[in-house]
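# A structural walkthrough
Chain by chain, the residues:
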Amino acid sequence: VQLVESGGGLVQPGGSLRLSCAASGFTVSSYAMSWYRQAPGKERERVAIITSAGGSTNYVDSVQGRFTISRDNVQNTVYLQMNKLKPEDTAVYYCKATRLTYQYWGQGTQVTVSS
């Protein structure tokens, strides 16, 4: 089982990035898939989640309306589209898969929002 994030980088305030989380060893449609982030000196927080059945989504208030989580079952990949980025979005972003007592994490990808 493996989750590999990609797509992070340096972007100016107001810009956009799309993060990808490629899964292997399981199917993303069978798991609740979520994105977390952790900024220096802060606790890790869940940013967005998409459920397995039905694909309902939920976001932390600070990103509502700017970020979109989606899932491609053919590519077995989960995405996080991030628009109107702010300096406070700077963090390491992690992908997580959860099903019953099982949970898997990716290694993280750095997102830096700065002019």
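What you are looking at is a predicted structure, and each value in this text was computed from that prediction instead of being measured.

Each value, and the rule that gives it
Within each chain, residues carry numbers counting from 1 in the order of the written sequence. Residues qualify for local features only when their pLDDT is at least 70, as the model is predicted, and side-chain atom pairs are given and counted only at 80 or more; totals for whole chains, interfaces and linings, by contrast, use all residues. Side-chain measures were taken over the full set of non-hydrogen atoms in the model, leaving aside hydrogen atoms and water. Here, a salt bridge means any side-chain nitrogen of Lys or Arg that lies within 4 Å of a carboxyl oxygen of Asp or Glu. Exposure is judged per residue with a 1.4 Å probe applied to protein chains only, and the accessible area is read against the type maximum: over 50% gives exposed, under 20% gives buried, and values in between give partly exposed. Numbered from the N terminus, helices here are DSSP runs of H or I no shorter than four residues, and strands are runs of E no shorter than two. Our working definition of a disulfide is a cysteine sulfur pair at a distance within 2.5 Å. Any residue with an atom within 4 Å of a point lines the site, the site being either a cavity, points on a 1 Å grid over the protein atoms alone where a 1.4 Å probe fits but cannot get out, or a pocket, an open set with protein on both sides within 12 Å along at least 5 of 7 lines. Grid points are joined across faces, edges and corners, and a volume is the space filled by probe spheres set on the points. In this classification, Asp, Glu, Lys and Arg are treated as charged, Ala, Val, Leu, Ile, Met, Phe, Trp, Tyr, Cys and Pro as nonpolar, and every other residue, Gly included, as polar.

It is worth spelling out the pattern of salt bridges at this point. Per the counting criterion, the structure on display carries three salt bridges. Its salt-bridge partner being Arg37, residue Glu45 comes within 2.8 Å of it at the nearest N-O pair. Exposure remark for Glu45: the relative accessible area of 29% places this residue in the partly exposed category. Across the salt bridge formed by Arg66 and Asp89, the nearest N and O atoms sit 2.8 Å from each other. In this pair, Arg66 is assigned in the loop between β6 (57–59) and β7 (67–72) and Asp89 in the loop between β8 (77–82) and β9 (91–99), connecting sequence segments 23 residues apart. Connected through shared salt-bridge partners, Arg37, Glu45, Arg66 and Asp89 make up one network.

So, on to the state of the cysteines. What the rule picks out here adds up to one disulfide. Each disulfide pairs two cysteine sulfurs, and for Cys21 the partner residue is Cys95, the sulfurs being separated by 2.1 Å. Here Cys21 and Cys95 share a disulfide; its torsion about the S-S bond, -80 degrees, makes the bridge left-handed. With Cys21 in strand β3 (residues 17–24) and Cys95 in strand β9, the pair connects residues that are 74 residues apart, well separated along the chain.

Turning next to the layout of surface pockets. Of the volumes computed, that of the largest pocket is approximately 160 Å³. Arg37, Ala39, Lys42, Glu45 and Glu88 are the residues nearest the centre of the largest pocket, which is lined by 13 residues in total. Each residue belonging to the lining of the largest pocket can be placed in one class, and the counts come to two nonpolar, three polar and eight charged.

By themselves, these are just geometric observations and shouldn't be taken as functional.
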